[in-house]
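Remarks on the overall topology
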Amino acid sequence: QETLTGKYGEETKLIYELQDQGGELLALRYDLTVPFARYLAMNKIRRMKRYQVAKVYRRDNPATSRGRYREFYQCDFDIAGWFDPMLPDAECLKILHEVLSDLQLGEFLIRVNDRRILSGVFTLCGVPESKFITTCSTVDKLDKMPWEEVRSEMVGEKGLSPEVADGIGEYVQLHGGLDLIERLLQDPKLSQNKVAKEGLGDMKLLFDHLTLFGITGQISFDLSLARGLDYYTGVIFEAVLLQQENHPGEEALSVGSVAGGGRYDGLVGMFDPKGRKVPCVGVSIGIERIFSILEQRVKASGEKVRTTETQVLVATPQKHLLAARLKLISELWDAGIKAEMLYKKDPKLLKQLQYCEDTGIPLAAIIGEQELTDGVVKLRDVATREEVRI
């Protein structure tokens, strides 16, 4: 349990805690990032590139219709090690862009920000350092609520003064590209802040790399992006799918986040007894979210999806031919062919062919008494109903 606690900030309350029979305090993993950092530290690994697809668990109030669950798969890609600035970060964004394009989920936007720029804004506006992280998680709600509600949460719940909240509001509502980065680098107040200036310099470099990758069209530098987790130290990003609105001129609505990530340079050091740091950057894709969108799309289009990879169904037209089916299917399996048969002693031929149609199995290998005598198999194309003897 102690591996996980103290790494997530306000999100810690979503960790499933368990006690095993021996009285050990255990917890189910909240994400794949913290266990990855622990693994690097434990095995003294200084450089690694890896992907991982595995389950994570959250004690959330799930909205299953929107693809939010308590137990779900994440697909992570991380690059760990000391490299020149923004090269691994740009590659992570390139991979995310590639995945979302290939899945053909429709229009999407990858929002990018940097924790250091946010820290600079907070310092500038007079937020005490003890309230940085809680203010971060409030700012992060800007994609779901209007600024008025976010402002009242800052003042009412987080105890910031209205002037401080308004100051933050001037910055966090900005979004754009290289032009906005240039403008903020010239900002007389923000450019005085060392941390923010570093963040903006790296952000400019990142956008230069992304321009060379040719993907800046789907990427937005967005100062409201904060990502609720504690362990991020630099660049942070999140991918949202945009809903196409029918009314021209209106802004596209976002369906919600399908992926997120960022740089976490301090996490490995937390697990290393000597505190040795390994900088890391990574991206995590929510698989169920994407599935629920793809499923809705298939439902709407009414097309039939093939749910099996089976290439051939071994069928018999008469009774007492179970032995012939088992012998033939065994030969096919040994040859590496994906074959299936109905688990019935004497199924009707019509039923077997109907099963092929329902599940989308393209071929039926039919073997009756005549075929056994002639030493052949009748191969039937289920869709065209053509038959050949082999």
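Residues numbered from 1 in each chain as written. Predicted model: local features only at pLDDT ≥ 70, side-chain atom pairs only at ≥ 80, totals over all residues. Heavy atoms only, no water.

In the UniProt entry, the feature "binding site: L-histidine" (unreviewed entry) is given for Asp31, Leu32, Thr33, Arg58, Gln74, Asp78, Arg227, Tyr231 and Tyr232. Along the chain, aspartate 31 turns up in the loop between strand S2 (25-27) and helix H1 (33-42). Residue contacts for aspartate 31: discarding those within four places in its chain leaves Tyr8, Val56, Arg58, Gln74 and Tyr231. For aspartate 31, the side chain forms a polar contact with the side chain of tyrosine 8, separated by 2.7 Å. (UniProt positions renumbered as here; feature names shortened; annotations may be inferred. Helix = DSSP H or I, 4+ residues; strand = E, 2+ residues; numbered from the N terminus. Contact = heavy atoms within 4.5 Å. Polar contact = N/O pair within 3.5 Å; in protein donor to acceptor, adjacent residues only side chain to side chain.)

As for its placement among the helices and strands, leucine 109 is situated in strand S5 (residues 108-114). Considered as a pair, leucine 109 and alanine 239 are 130 residues apart in the sequence and their alpha carbons are 5.7 Å apart. Excluding residues that lie within four positions of it along the chain, leucine 109 makes contacts with Gln218, Ile219, Ser220, Glu238, Ala239, Val240 and Leu242.

To continue, consider the domain arrangement of the chain. Each domain of the chain was delimited in the assignment, giving domain 1 (2-301) and domain 2 (312-389). The C-alpha centroid of domain 2 is placed 53 Å from the C-alpha centroid of domain 1. (Domains from an automatic or database assignment.)

A separate point is the pattern of salt bridges. For the coordinates displayed, the defined rule picks out 26 salt bridges. Glutamate 182 serves as the salt-bridge partner of lysine 204, at 3.7 Å between the closest nitrogen and oxygen. Remark: glutamate 182 occurs in helix H7 (residues 178-186) and lysine 204 occurs in helix H8 (residues 194-213); sequence separation between them is 22 residues. For lysine 204, a relative accessible area of 25% gives the class partly exposed. Between glutamate 357 and arginine 385 there is a salt bridge, and its shortest N-O distance comes to 3.7 Å. (Salt bridge = Lys/Arg side-chain N within 4 Å of Asp/Glu carboxyl O. Buried < 20%, exposed > 50% of the residue type's maximum accessible area, 1.4 Å probe, protein only.)

This part is about unusual backbone geometry. In this model, glutamine 104 sits at a positive phi of 50 degrees, which is unusual for a non-glycine residue. Within the secondary structure, glutamine 104 is located in the loop between helix H2 (87-102) and S5. Of note in the backbone geometry, arginine 385 takes a positive phi value of approximately 65 degrees without being a glycine. The topology assignment puts arginine 385 in the loop between strand S14 (378-381) and strand S15 (387-389).

Now for the environment of lysine 44. Examined against the element boundaries, lysine 44 turns out to sit in the loop between H1 and strand S3 (48-57). A relative accessible area of 56% means that lysine 44 is categorised as exposed. Sequence separation between lysine 44 and valine 127 is 83 residues; the distance between their C-alpha atoms is 38 Å.

Looking now at the nonpolar core. Nonpolar side chains tend to gather and get buried jointly when the protein is soluble and globular. In this structure, Ile168 and Phe221 are the most contacted members of the largest nonpolar core, which totals 59 residues. Looking at which element gives the most residues to this core, the answer is H8, with six residues. Beyond its immediate sequence surroundings of up to four residues, isoleucine 168 is in contact with Val121, Phe122, Cys125, Val127, Thr135, Val139, Trp147, Met154 and Leu160. If you look at the next biggest cluster of nonpolar residues, it comprises 21 residues, including Leu14, Ile15, Ala80 and Ile236. (Core = buried A, V, L, I, M, F, W, Y, C linked by side-chain atoms within 4.5 Å.)

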